[in-house]
Amino acid sequence: MELKPADIVSSITKEEFIKNYYKPQKPLLIKGFARQWEAYEKWNFEYIKEKVRDQIVPLYDSKPADANKSTSAPVVKMKFNEYINRIQSTPSDLRIFFYIITDRLPELLNNFTYPDLGMKFFKRLPTLFFGGSEAKVLMHYDVGLGDFMHMHFEGRKRILLFDQKQSPFLYKVPFSVHTVYEVDYENPDYEKFPALKYAQGYEIFMEHGDALYIPGAFWHFNRYLDAGFSMSLRVLPNKPLQFANMLYHVFIMRYTDKVMRKLLKKKWVDFKQDWAYKKTHKKLKAHLKQSA
């Protein structure tokens, strides 16, 4: 893989952001962005623990979902404050996925302001994500296809980003928004996955209070380097073709996959993985022939 850093700024105007990043769909890291919030000091584990207390939350690990179960089935459930205590005290790959603030911790809505960068945010779904120091999220892109701002707190996080033009080299699994499970993006095996050598993307390291602009449908791989949590603020696709593609992803592709997974279980998962290998290597062969 060929990875380069995203542009980094400490501040940016709305006009500069729209011209240089939003319109050209280019990622941007804004260092210490959350420091401008009046309640910035509340964005830490201790404040979260105080507010959530004994809420029961589903937890996920870094392994692919069991082919015989729903992809949304957690590996375990735990009291929220106990979970935070665990990831603070010991290495763990357990993570909380898509914790909707509006439903579960609405008072947190008063502790941040939406970025004034020319984007129309979908205010129903500000979401939190938590992870221990060994947690990672498999390479994927969001099924909603919208742009989003991703803020990180408590510790460091490594993120890899690829635009959709890189899909032929990433071993995309058909009828899904993720790549094949076996790819290790921290130590890529180019003998087994030769197409990865030609993927061009971004490598970003986030720290407490940083904000990352991720354009719509960008592939992303997340790795918590320390126990931490993040918040994502989403933008709905606003162009007709993008919106139609989002509807296809949400209501056709996703449900087709759910039905086939329920009917065929592991056979369907294995079939898609094998299909991804063959499709990617066919495209790689064509790419190399064209480049020769």
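My aim in this report is to walk through the structure given alongside it, one point at a time. Bear in mind the structure is a predicted one, so any value in this text is a computation, not a measurement.

As a further point, take the overall build of the protein chain. A count of helical and extended segments in the protein chain gives 6 helices and 14 strands. Taken against the 2.2 N^0.38 rule, which gives 19 Å for 292 residues, the C-alpha radius of gyration of the protein chain at 19 Å falls within 12% of a compact globule. In terms of principal-axis extent, the alpha carbons of the protein chain reach across some 55 × 45 × 35 Å. Among the 292 residues that make up the protein chain, the fraction classed as buried is 48%. Within the protein chain, contacts between residues separated by at least 24 positions form 82% of all contacts whose residues are at least 6 apart in sequence.

Spatial strand order, S1-S11-S10-S13-S8: 5 strands in an open sheet with mixed pairing. The sheet is open, and its two edges are formed by strand S1 (2-5) and strand S8 (136-140), each paired on a single side. Geometrically, the sheet is characterised by an average inter-axis angle of 20 degrees between neighbouring strands, direction not taken into account.

One non-glycine residue with positive phi stands out, namely Tyr171, at about 60 degrees. Within the secondary structure, Tyr171 is located in the loop between strand S10 (157-162) and strand S11 (200-206). Tyr171 sits in the buried class, given a relative accessible area of 0%. With a phi angle near 60 degrees, Phe175 is a residue other than glycine that sits in the positive phi range. Along the chain, the position of Phe175 falls in the loop between S10 and S11.

All right, on to the environment of Val180 then. Structurally, Val180 is set in the loop between S10 and S11. For the pair Val180 and Trp275, spaced 95 residues apart in sequence, the C-alpha to C-alpha distance is 9.9 Å. What Val180 contacts, discounting residues up to four positions off in sequence, is Tyr171, Val173, Phe193, Gln273 and Ala276.

Interhelical geometry of helix H5 (residues 240-264) versus helix H6 (residues 266-291) gives an angle of 125 degrees and a closest axis separation of 6 Å. When the interaxial angle is binned, H5 and H6 end up oblique. In this structure, H5 contributes Asp257, Met260, Arg261 and Leu264 to the contact, and H6 contributes Lys266, Lys267, Trp268, Val269 and Lys272. Looking at the contact of H5 with H6 residue by residue, the classes come out as 4 nonpolar, no polar and 5 charged.

Basis of the calculations
- Residues numbered from 1 in each chain as written.
- Predicted model: local features only at pLDDT ≥ 70, side-chain atom pairs only at ≥ 80, totals over all residues.
- Heavy atoms only, no water.
- Helix = DSSP H or I, 4+ residues; strand = E, 2+ residues; numbered from the N terminus.
- Rg over C-alpha atoms; globule rule 2.2 N^0.38 Å.
- Buried < 20%, exposed > 50% of the residue type's maximum accessible area, 1.4 Å probe, protein only.
- Contact = heavy atoms within 4.5 Å.
- Pairing = 2+ DSSP bridges.
- Axes fitted to C-alpha atoms, helices over the stretch in contact; angles between N-to-C directions.
- Parallel < 35°, antiparallel > 145°, perpendicular 65-115°, else oblique.
- Nonpolar A, V, L, I, M, F, W, Y, C, P; charged D, E, K, R; others polar.

In short, the description is geometric, and any link to function would need to be established separately.
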